[in-house]
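# Report on the structure
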Amino acid sequence: MTTETLLRTLPVALVGDGLPVPCVDGRERPYLSCDVAASSSALPAVLRAVEDFVPWYSSVHRGAGYKSQRATEAYESARDALLRFAGRSGDDVAIVCRNTTEAVNHLAYRLRLAPSDVIVTTVVEHHANMLPWSRAARCRYVECGTDGTFDADDVVRALEAEPLPRLLTITGASNITGFMPPLEEIIAAAHERGVPVAVDGAQLAPHRPLPAAADFVAWSGHKMYAPFGAGALVGPRRFFEEGDPWLAGGGAVDLVSLDEVVWTEPPDREEAGSPNVIGAVALGAAIGEFEAIGWSSISEHDRLIATELRRGLSGIAGVHLLGPDLATETLPVATFTVEGMPHSLVAARLSAEEGIGVRHGCFCAHPYLMRLLGLEEAEVEAYRRQVRHGDRRAMPGAVRASLGINASLGDVDRLCTAVARLADEPPQCEYVQDPHTGDFAPRDFAALGSDAAVRTHYSSCSPG
């Protein structure tokens, strides 16, 4: 596919793209979101699907009325889409969750781990694929190199160490560098050694097909243009057929007495309470849009945007790009620092002076970022002491720009031009830093227009 053909197919505009936002020079600029790795706006087709469904919303699975039956059909059709999206057969179940974090916690409970069990994972993981496992079992970590990558051999060494692990859980793509581990090779190596594999697909799902060979996979709708509160956990039915579910309540049972509970079959056993039907419908609609566009178009668009994004930022004097070299294929995610400027100030200036939204801080992956920044343990401990006393002004971190299906080459150029100006010019106004949050903001909020009042409710952008 040529670049010209690709750009006729993509980008696809999202709901809210280009809304005018006030800047400190008194002008309004079209908002540019470079933060889709955190959460994305909705595809128009997803919003239409939700609007069409809402009049028919009703309780699912337990109503004889027409609306209930219609809502149940919509919900179960969305579940079928989840299985299809994950490349799964009838031997697997799709459990509708809130998000990837809930899905991983759900799985960690259902595997009935003992404190002595070993889970192999990596230092590259998001906290969502780290904390639930370290709370339930012993974690054995695969280290990364100074460029933030590792290979299949590194994983194999961890798999073969004694005692043998119960599970390998691994990210499909880093939310900081966009690095994609060689999943196919890693999953095959784990299975050869009798170790099941769980994949955190939160970052991968909007950009590449999920690995059908993985035993378990989790992902979130809010990262793939369906921000209505639903995600998924997909895995073999047999793991959910025995034992009590993570959540107990209505809809998960066949029979209850004061002395006994007879749990129903999965996946209903795993979805106690009234489910997020609207979120499921939205996620199913997003999957339909991905299928219509096609993975070849999406992946080629990603490669084009990622190449220009990382090349553009790395060519700016004073900007240091974290992660793999430019020859390594990544998702369209670029994390960087600007020499002599705190990461929180870079993010504040991009917002207030340019109308560009980025993420800054540690991105809910602290161990990985500390390695990418090359910080020694003594330095990290000093930062911990400050945070324990409520002072986040010196918190280490970086700035992340992440782009998706709606990004154009013009968007990349706008971002890189803005970063270059920030790196070369002083701020356009005075910024003040909040010691508790560590974040910067223009001293004069009035310069940002009549909506500035929303900025009085600040919480820290950095913690993860």
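What you see is a predicted model; the values in this text were computed from it and never measured.

### A look at the sheet that holds strand E9 (residues 216-220)
With respect to topology, 7 strands assemble into an open sheet ordered E4-E10-E9-E8-E7-E5-E6, the strand pairing being mixed. Taken across any chain shown, the strands that pair with only one partner, and hence form the sheet edges, are strand E4 (92-97) and strand E6 (138-142). The mean inter-strand angle of the sheet, taken between neighbouring strand axes irrespective of direction, is 20°. In the sheet, E9 pairs with strand E10 (residues 231-236) via 4 bridges, with the strands oriented antiparallel. Bridging across to E10, Ala-218 finds its partner in Leu-233. Against the sheet, helix H4 (residues 100-110) engages E4, strand E8 (197-200), E9 and E10, with an angle of about 155° to E9.

### Things to note about the packing of aromatic side chains
The full count for this structure, using the stated rule, is 10 aromatic pairs. With 6.5 Å between their ring centres and 90° between their planes, Phe-216 and Phe-240 make a pair best called edge-to-face. Residue Phe-216 is found in strand E9, and its partner Phe-240 is found in the loop between E10 and strand E11 (253-256); the two are separated by 24 residues along the sequence. This pair shows no difference in class: Phe-216 is buried, exactly as Phe-240 is. Put simply, the rings of Phe-85, Trp-219, Tyr-225, Phe-290 and Trp-295 pair up and form one aromatic cluster. The cationic tip of Arg-70 hangs over the ring face of Trp-56; the distance from NZ or CZ to the ring centre is 4.0 Å.

### A word on the sheet that holds strand E13 (residues 319-321)
Across the sheet, which stays open at both edges, the 4 strands sit in the order E13-E14-E17-E16 with antiparallel pairing between neighbours. Looking along the sheet, the strands with just one partner apiece sit at the ends: E13 and strand E16 (359-361). The sheet shows a mean angle of 30° between the axes of neighbouring strands, taken without regard to direction. Here E16 runs beside strand E17 (residues 398-402); their pairing, made up of 3 bridges, is antiparallel. Residue pairing for E17: Gly-361 is matched across the bridge by Ala-398. The sheet strands contacting helix H9 (residues 295-314) are E13, strand E14 (333-338) and E17, and the helix crosses E14 at an angle near 10°.

### Here we look at the pairing of E17
The element E17 is largely enclosed, with a buried count of 5 among its 5 residues. Taking every second residue as pointing to the same face, both faces of E17 are buried, with Ala-398, Arg-400 and Ser-402 on one and Val-399 and Ala-401 on the other. When E14 meets E17, the two strands line up antiparallel, connected through 4 bridges. Across the sheet, the residue bridging to Thr-335 is Arg-400, located in E17.

Quick notes on the rules
Residues numbered from 1 in each chain as written. Predicted model: local features only at pLDDT ≥ 70, side-chain atom pairs only at ≥ 80, totals over all residues. Heavy atoms only, no water. Pairing = 2+ DSSP bridges. Helix = DSSP H or I, 4+ residues; strand = E, 2+ residues; numbered from the N terminus. Axes fitted to C-alpha atoms, helices over the stretch in contact; angles between N-to-C directions. Contact = heavy atoms within 4.5 Å. Phe/Tyr/Trp six-rings, centres within 6.5 Å; stacked < 30°, edge-to-face > 60°. Buried < 20%, exposed > 50% of the residue type's maximum accessible area, 1.4 Å probe, protein only. Lys NZ or Arg CZ within 6 Å of the ring centre and 35° of its normal.

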